[in-house]
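# Chains, contacts and geometry: an overview
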Amino acid sequence: MSLLVYKSSAGSGKTFTLVREYLKLALGSEDPMMFSRILAITFTNKAATEMTDRILETLEELGGLRSPMQGRTEHLAKLLIVDLEIDYQELSARARKTLKKIVHNYRDFSVGTID
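These notes cover the structure that comes with them. (Residues numbered from 1 in each chain as written. Predicted model: local features only at pLDDT ≥ 70, side-chain atom pairs only at ≥ 80, totals over all residues. Heavy atoms only, no water.)

## Observations regarding empty space enclosed by the protein
Filter applied, for reference: Here a cavity denotes grid points, spaced 1 Å and computed from the protein atoms alone, that fit a 1.4 Å probe unable to get out, and a pocket denotes an open set having protein on both sides within 12 Å along at least 5 of 7 lines; residues with an atom within 4 Å of a point are the lining. Grid points are joined across faces, edges and corners, and a volume is the space filled by probe spheres set on the points. Per the convention used, a helix needs a DSSP run of H or I reaching at least four residues, while a strand needs a run of E reaching at least two, with both numbered from the N terminus. Three categories are distinguished: nonpolar for Ala, Val, Leu, Ile, Met, Phe, Trp, Tyr, Cys and Pro, charged for Asp, Glu, Lys and Arg, and polar for the others, with Gly belonging to the last.
Throughout the structure, instances matching the rule amount to one cavity of 30 Å³ or more. Roughly 40 Å³ of volume is contained in the largest cavity. Listed by contribution, the elements that provide at least two residues to the lining of the largest cavity are α1 (14-27), α2 (45-62) and α3 (71-84). The element that contributes the greatest number of residues to the lining of the largest cavity is α3, accounting for three residues. Among the residues forming the lining of the largest cavity, the class breakdown is three nonpolar, two polar and two charged.

So, in structure tokens, the structure goes:
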């Protein structure tokens, strides 16, 4: 288990970085319930909502459930394929399975705030 802390200024891509790290953990395992063992914490309710929305939207796009894939998601997909050492088909399958599990087990999806 490890703790990652990121500090940066407004508009510097924090949400992208946090979503990437979250998805590396969640999709880095073949277990679609891996998300239930991740706690993501931000400093404001607005940031927590934005991160939650972005994670869900990205999983939809990666899983082919929303089209077309936006530019940032295409970029993120390429990074995750390298990070996780899997191909696009496996990434897409894991994203679909994880999203389905989140929808059915939403209480276990934890993006919160210290606020």
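## Focus on the pattern of salt bridges
The cut-off we apply is this: By convention in these notes, a salt bridge is any Lys or Arg side-chain nitrogen within 4 Å of a carboxyl oxygen on Asp or Glu. A simple rule labels every residue: compare its accessible area, found with a 1.4 Å probe on the protein chains alone, to the largest value its type can have, and call it buried under 20%, exposed over 50%, or partly exposed in between.
Within this structure, the stated rule accounts for six salt bridges. A salt bridge links Glu50 to Arg54; its shortest N-O distance comes to 3.4 Å. Within this pair, Glu50 and its partner Arg54 are both found in helix α2, separated by four residues, close to a single helical turn. Judged by relative accessible area, Glu50 falls into the partly exposed class, the value being 36%.

## Concerning α3
Rules: How far a helix is expected to stretch is found by multiplying one less than its residue total by 1.5 Å. This arc is taken over the directions from the axis of the helix to the C-beta atoms. Note on contacts: a residue pair is in contact if any heavy atoms of the two residues lie within 4.5 Å.
Its 14 residues give α3 an end-to-end C-alpha distance of 20 Å, which sits within 8% of 20 Å, the value for a rise of 1.5 Å per residue. Thr73, Leu76, Ala77, Leu80 and Leu84 are the residues of α3 that are buried. End-on, the buried residues of α3 take up no more than an arc of 110°, which puts them together on one face. Exposed and oriented more than 90 degrees from the buried face of α3 are Gly71, Lys78 and Val82. Buried residues along α3 sit against α1, α2 and α4 (88-104). Two residues or fewer after α3 comes Glu85, characterised by a positive phi angle close to 55°.

## Considerations on the packing of aromatic side chains
Threshold: Two rings from Phe, Tyr or Trp (for Trp, the six-membered ring) form a pair when their centres are within 6.5 Å of each other. A pair whose planes differ by under 30 degrees is stacked, one over 60 is edge-to-face, and the rest are tilted.
Here the structure, examined in full by the defined rule, presents three aromatic pairs. Ring centres of Tyr22 and Phe109 lie 6.0 Å apart, and the angle between their planes is 85°; this geometry places the pair in the edge-to-face category. Here Tyr22 is found in helix α1, whereas its partner Phe109 is found in the loop between α4 and β2 (110-113), with 87 residues between them in sequence. The exposure class assigned to Phe109 is buried, which follows from its relative accessible area of 8%.

On their own, these measurements won't tell you what the molecule is for.
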